[in-house]
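Spelled out from the first residue to the last, the chains are:
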Amino acid sequence: MNHVVRGSTRVAAIIGDPVAHSRSPAIHNAAFAALDLDWVFVAFPVRAGDGERAVRATTALGLAGLNVTMPHKADAARACDEVSPRAAALQSVNTVVNRDGVLYGDSTDGEGFVRALREEGCEPSGRSCAVLGAGGAARAIVEALGAAGARVSVVARRQEAAEAAAALAPGAGATTFDHALPVLATVDVVVNATPVGMRGEPPPFDPRVLDAAQFVLDTIYHPAETPLLAAARARGIPCANGLGMLVHQAALAFELWTGKSAPLEVMRGAARAETS
Ligand code: NAP
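This brings us to the pairing of strand 5 (residues 95-99). Counted residue by residue, strand 5 has four buried out of five residues, so it is predominantly covered. Inspection of the sheet shows strand 3 (residues 65-68) paired to strand 5 by three bridges, in the antiparallel sense. The residue bridging L66 from the neighbouring strand is V96, located in strand 5. Examined bridge by bridge, strand 5 and strand 6 (residues 102-106) share five bridges and lie antiparallel to one another. Looking at strand 6, one finds that N98 is bridged to L103. Counted along the chain from strand 5 to the antiparallel partner strand 6, the turn is two residues long, and its residue D100 has a positive phi close to 50°.

In structure tokens, the structure reads:
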């Protein structure tokens with residue numbers, strides 16, 4: 001980074017635990033440099049339980065904004081003065097904007113996911129989509145797919161968690177992996193929003209049922225190809241990993257903080273360099 005940090009430099013940051021592995025500093029510092037902005041992005045390790053205090057400190061320290069990752073997204077939603085409708089529905093904030101001392105919170109993961117899907121040529125409106133998992137990423141994706149006009153089915157380990165996630169999208173269904181074969185065999189789009197595959201594990205269902213699917217997106221981006229994606233590719237099903245979602249959620253946060261159009265390809269290049 002050639003940027004000289006001065007007293008006037010604006011600071012944005014990510015808080016999380018762990019946070020040392022985060023790609024966000026590389027992505028955002030590349031974007032600030034590309035637009036010649038006197039901004040810098042740093043990572044603050046913040047322990048579980050300290051999330052609300054850390055978010056509230058944004059105004060005292062004059063930070064421009066925050067990205068928020070595990071385990072602080074719910075705390076951030078509580079700490080903000082105002083939140084977007086989608087952040088309110090999810091009770092989760094991954095982007096905080098300091099608007100002259102008023103903390104505004106949003107959740108950009110779901111919209112980032114939908115933009116990534118569209119970028120791959122897969123329009124979710126009117127399509128049936130199975131979302132695997134019912135955690136933070138899955139819930140954001142379910143909400144965004146519902147808002148984009150998709151018919152959503154949530155498949156998770158626990159029925160009650162699947163139902164809670166399904167409540168975020170109009171008319172969404174919920175089931176467990178044990179009963180998911182009829183769903184997985186008939187949906188147009190399959191989205192993995194579980195960590196399964198990060199260590200090379202096979203998906204928790206037989207990937208041969210994917211023959212009807214028109215697109216498979218795995219939110220994992222490291223490794224670049226999970227066993228689920230390898231199975232989809234072997235069957236000739238168009239597919240993508242989570243890099244596009246990572247880049248688009250970051251671009252949406254960048255635009256909220258700076259009010260400028262995000263340099264998407266610069267951010268993609270930085271994300272790719274960090275994940276390879
Ligand atoms: P999370 O809140 O901990 O949720 C994880 C979900 O996966 C839960 O529903 C969990 O079920 C389920 N799960 C865990 N292990 C499983 C297994 N062996 N079999 C079946 N289901 C399993 O985590 P998250 O924040 O949603 O993140 C999930 C994944 O999304 C991450 O690993 C990451 O790769 C990806 N992600 C990508 C992006 C991106 O920008 N590309 C952004 C965020 C997340 P239980 O509740 O039953 O444990």
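Turning our attention to the sheet that holds strand 1 (residues 10-16). Neighbouring strands of a sheet are bound in pairs by backbone hydrogen bonds; such pairs are parallel or else antiparallel. What the six strands build is an open sheet, ordered 2-1-3-5-6-4; its pairing is mixed. The outermost strands of the open sheet, each flanked by one partner alone, are strand 2 (39-45) and strand 4 (82-83). Helix 2 (residues 51-61) contacts strand 1, strand 3, strand 5 and strand 6 of the sheet and is inclined by roughly 125° relative to strand 6. Across the face of the sheet, helix 10 (residues 243-258) comes into contact with strand 1, strand 2, strand 3, strand 5 and strand 6 while running at roughly 10° to strand 5.

What follows covers the sheet that holds strand 8 (residues 151-156). Strand order across the open sheet formed by six strands is 9-8-7-10-11-12, with parallel pairing between neighbours. Edge positions in the open sheet fall to strand 9 (173-176) and strand 12 (239-240), since each of these has one partner strand only. Examined bridge by bridge, strand 11 (residues 215-218) and strand 12 share two bridges and lie parallel to one another. The residue bridging L217 from the neighbouring strand is A240, located in strand 12. Packing against the sheet, helix 6 (residues 136-147) makes contact with strand 7 (128-132), strand 8 and strand 10 (189-192), and its axis sits at approximately 170° to strand 7.

Residue position: A88 is located in helix 4 (residues 85-90). As for A88 and V187, which are separated by 99 residues in sequence, their C-alpha atoms are 29 Å apart.

Time to look at the pattern of salt bridges. This structure, assessed with the given rule, holds 13 salt bridges. One salt bridge connects R53 with D50, and the closest N-O pair in it is separated by 3.1 Å. Ionic contacts of the salt-bridge type, sharing partners, join the residues E52, R56, D75 and R78 into one network.

Now for the environment of Y221. Here Y221 is to be found in the loop between strand 11 and helix 9 (227-234). According to the relative accessible area criterion, Y221 is partly exposed, its value standing at 22%. A sequence separation of 22 residues divides Y221 from R199, and the C-alpha atoms of the two residues are 12 Å apart.

The subject of this paragraph is the packing of aromatic side chains. Scanning all chains against the criterion turns up three aromatic pairs. Each residue in the set F32, W39 and F254 is aromatic and connected to the rest through ring pairs, giving one cluster. The residue whose ring lies beneath R10 is W39, and the NZ or CZ to ring-centre distance is 5.4 Å. Positioned above the aromatic ring of Y104 is the side chain of R99, whose terminal nitrogen or guanidinium carbon lies 4.0 Å from the ring centre.

Below, the discussion takes up unusual backbone geometry. Excluding glycine, most residues fall at negative phi; most peptide bonds, likewise, are trans. M70 connects to P71 through a cis peptide bond whose omega is 0°. Examined against the element boundaries, P71 turns out to sit in the loop between strand 3 and helix 3 (73-79). Along the chain, H222 connects to P223 via a cis peptide bond; the corresponding omega equals 10°. Positive phi, normally seen in glycine, also occurs at D36, with a value near 55°. Mapped onto the elements of the fold, D36 is located in the loop between helix 1 (24-34) and strand 2. Looking at D36, the relative accessible area reads 69%, which means it is exposed. A positive phi angle is found at Q91, which is not glycine, with a value near 50°.

Reading guide: rules and limits
- Residues numbered from 1 in each chain as written.
- Predicted model: local features only at pLDDT ≥ 70, side-chain atom pairs only at ≥ 80, totals over all residues.
- Heavy atoms only, no water.
- Buried < 20%, exposed > 50% of the residue type's maximum accessible area, 1.4 Å probe, protein only.
- Helix = DSSP H or I, 4+ residues; strand = E, 2+ residues; numbered from the N terminus.
- Pairing = 2+ DSSP bridges.
- Contact = heavy atoms within 4.5 Å.
- Axes fitted to C-alpha atoms, helices over the stretch in contact; angles between N-to-C directions.
- Salt bridge = Lys/Arg side-chain N within 4 Å of Asp/Glu carboxyl O.
- Phe/Tyr/Trp six-rings, centres within 6.5 Å; stacked < 30°, edge-to-face > 60°.
- Lys NZ or Arg CZ within 6 Å of the ring centre and 35° of its normal.

These values are about where atoms sit, not about what they do.
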